[in-house]
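# Observations on the three-dimensional arrangement
Read off the chains here:
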Amino acid sequence: MRKRDNKETDFIPALRFNWLTSLYDPILRWTMRESAFKNQLIRQIQVDPGQRILDLGCGTGTLTILLKQTYPKAEVTGIDIDPKVLQIAERKAENMGMDITFNQGIAFELPYSNNSFDLIVTSLMFHHLTLENKLRTLHEIFRVLKPQGEIHIADWGKAQNGLMRVAFLPIQILDGFRTTTDNVNGLLLQLMTNAGFNETKETDRFMTIYGTLSLYRARKNML
Ligand SMILES: C[S@@+](CC[C@H](N)C(=O)[O-])C[C@H]1O[C@@H](n2cnc3c(N)ncnc32)[C@H](O)[C@@H]1O
């Protein structure tokens, strides 16, 4: 594992505090319609045998494992900044006999060469990043995607109504207003366009007890 300076290694853990990480899976499963939105994210992608998929900010690996189960002939990699969640992800994948590579790394400094993935999926990570790092991350995703490659995101989005806006406040208090406000302002689509993506689209929305969760997709069209 590489050593990095403090500024770059600062990150918001899955449930804000390290000591809550072991509760992440049960909380997500029972309170967030996790299986509904993660399966919907998987339904919106199409993967051919041998293609390379990256789960960015993979956390405890639930989506990474679902991807490999759905597309066993694809090469699936998960990356996260936090070694603690990666340990959980690795253990889960190993217990299920899944051949998945997990790497530690920073979303906005990806340790992969240009044009190396066919698809990148990311769930509930962007609201952990500042506006600057959201954009840096989208540039990095653009760089490591192959031409015509796709990005698929699930994250907090623009509230559908006043109730959903109020429901989102606990997440903002937990994870911080600095990183979550761009999401609820609906900025992710615009940021994807700014990073060079085409065909950017919000594909679905879920009402959850913590507010509106949106799914997005975009393509790296090379002209
Ligand atoms: C709320 S969790 C989501 C985990 C998983 N994708 C899911 O949907 O369950 C957010 C994850 O993003 C990771 N993360 C936060 N900042 C990051 C960064 N700068 N680079 C890579 N991962 C990051 C956290 O460590 C955490 O595991």
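See the structure above.
My aim in this report is to walk through the structure given alongside it, one point at a time.

Reading the values: the criteria
- Residues numbered from 1 in each chain as written.
- Predicted model: local features only at pLDDT ≥ 70, side-chain atom pairs only at ≥ 80, totals over all residues.
- Heavy atoms only, no water.
- Near = heavy atom within 4 Å.
- Polar contact = N/O pair within 3.5 Å; in protein donor to acceptor, adjacent residues only side chain to side chain.
- Areas by Shrake-Rupley, 256 points an atom, 1.4 Å probe, with all protein chains shown as cover.
- 1 Å grid on protein atoms, 1.4 Å probe; cavity = no way out; pocket = protein on both sides within 12 Å on 5 of 7 lines; lining within 4 Å.
- Sits in = over half its atoms within 2 Å of the grid points.
- Nonpolar A, V, L, I, M, F, W, Y, C, P; charged D, E, K, R; others polar.
- Pairing = 2+ DSSP bridges.
- Helix = DSSP H or I, 4+ residues; strand = E, 2+ residues; numbered from the N terminus.

Now for the site of the ligand. Around the ligand, the surrounding shell holds 22 residues, and the nearest of these are Tyr-24, Lys-38, Gly-57, Asp-80 and Ser-123. Between Gly-57 and the ligand, the recorded distance is 2.7 Å, taken from a backbone N or O atom to a nitrogen atom. A total of 590 Å² of accessible area belongs to the ligand in isolation, and the protein chains cover 98% of it. The pocket occupied by the ligand, as judged from atoms lying within 2 Å of grid points, is the largest pocket. Split by residue class, the shell around the ligand holds 14 nonpolar, 5 polar and 3 charged.

Examined bridge by bridge, strand E6 (residues 198–208) and strand E7 (residues 211–219) share 8 bridges and lie antiparallel to one another. Within the sheet, the bridge partner assigned to Lys-201 lies in E7 and is Arg-217. Connecting E6 to the next strand, E7, in antiparallel fashion are 2 residues.

Structural measurements only, silent on function.
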